[in-house]
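Remarks on the overall topology
Residues per chain are reported as follows:
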Amino acid sequence: MPAEHMRTIFATQLAPVAMPGCRTPAEAALRAGLAASQILGMALCRYVLCLPPIVALSREEVIEWIAPTLQRYLTG
């Protein structure tokens, strides 16, 4: 099942990155979920909906825009 596979990836790869700055495992899971929402939202807009301003961004511009938010979600 694709959804279960995605949940496993985010739980095993993102939550551990967030955990050092969290008080509880639930907070790490929340932070991982927020990071996932950012990543999946960008993928949806860029590759599925093909929104022109998002498609036009270079890799470096995507990183510049998205990285601070992901950093905040994962490390506070």
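Because the structure is predicted, anything quoted here is derived from the model rather than measured.

**Re the layout of surface pockets**
Quantified by volume, the largest pocket comes out at close to 220 Å³. Taken together, Gln 38, Ile 39, Met 42, Ala 43, Arg 46, Tyr 47, Arg 59, Val 62, Ile 63, Ile 66, Ala 67 and Leu 70 form the lining of the largest pocket. Among the residues making up the lining of the largest pocket, the classes are represented as nine nonpolar, one polar and two charged.

**Points about helix 1 (residues 2-18)**
The terminal C-alpha atoms of helix 1, which comprises 17 residues, lie 23 Å apart, in line with the 24 Å expected from a rise of 1.5 Å per residue. Looking at helix 1, one finds that the buried residues are Phe 10, Leu 14, Ala 15 and Ala 18. The inward-facing, buried residues of helix 1 contact helix 2 (25-48) and helix 4 (59-75).

**Describing unusual backbone geometry**
Even without being a glycine, Cys 50 presents a positive backbone phi close to 50°. Among the secondary structure elements, Cys 50 is positioned in the loop between helix 2 and helix 3 (52-55). Taking the relative accessible area as the measure of exposure, Cys 50 reaches 44% and is therefore partly exposed.

**Structural notes on the environment of Glu 27**
Inspection of the secondary structure puts Glu 27 in helix 2. Given a relative accessible area of 17%, Glu 27 falls into the buried group. Sequence-wise, Glu 27 and Ala 15 are 12 residues apart; in three dimensions their C-alpha atoms are separated by 8.9 Å. For Glu 27, the residues in contact, after removing those within four places along its chain, are Gly 21 and Cys 22.

About the cut-offs
- Residues numbered from 1 in each chain as written.
- Predicted model: local features only at pLDDT ≥ 70, side-chain atom pairs only at ≥ 80, totals over all residues.
- Heavy atoms only, no water.
- 1 Å grid on protein atoms, 1.4 Å probe; cavity = no way out; pocket = protein on both sides within 12 Å on 5 of 7 lines; lining within 4 Å.
- Points joined across faces, edges and corners; volume = space filled by probe spheres on them.
- Nonpolar A, V, L, I, M, F, W, Y, C, P; charged D, E, K, R; others polar.
- Helix = DSSP H or I, 4+ residues; strand = E, 2+ residues; numbered from the N terminus.
- Expected span 1.5 Å × (residues − 1).
- Buried < 20%, exposed > 50% of the residue type's maximum accessible area, 1.4 Å probe, protein only.
- Contact = heavy atoms within 4.5 Å.

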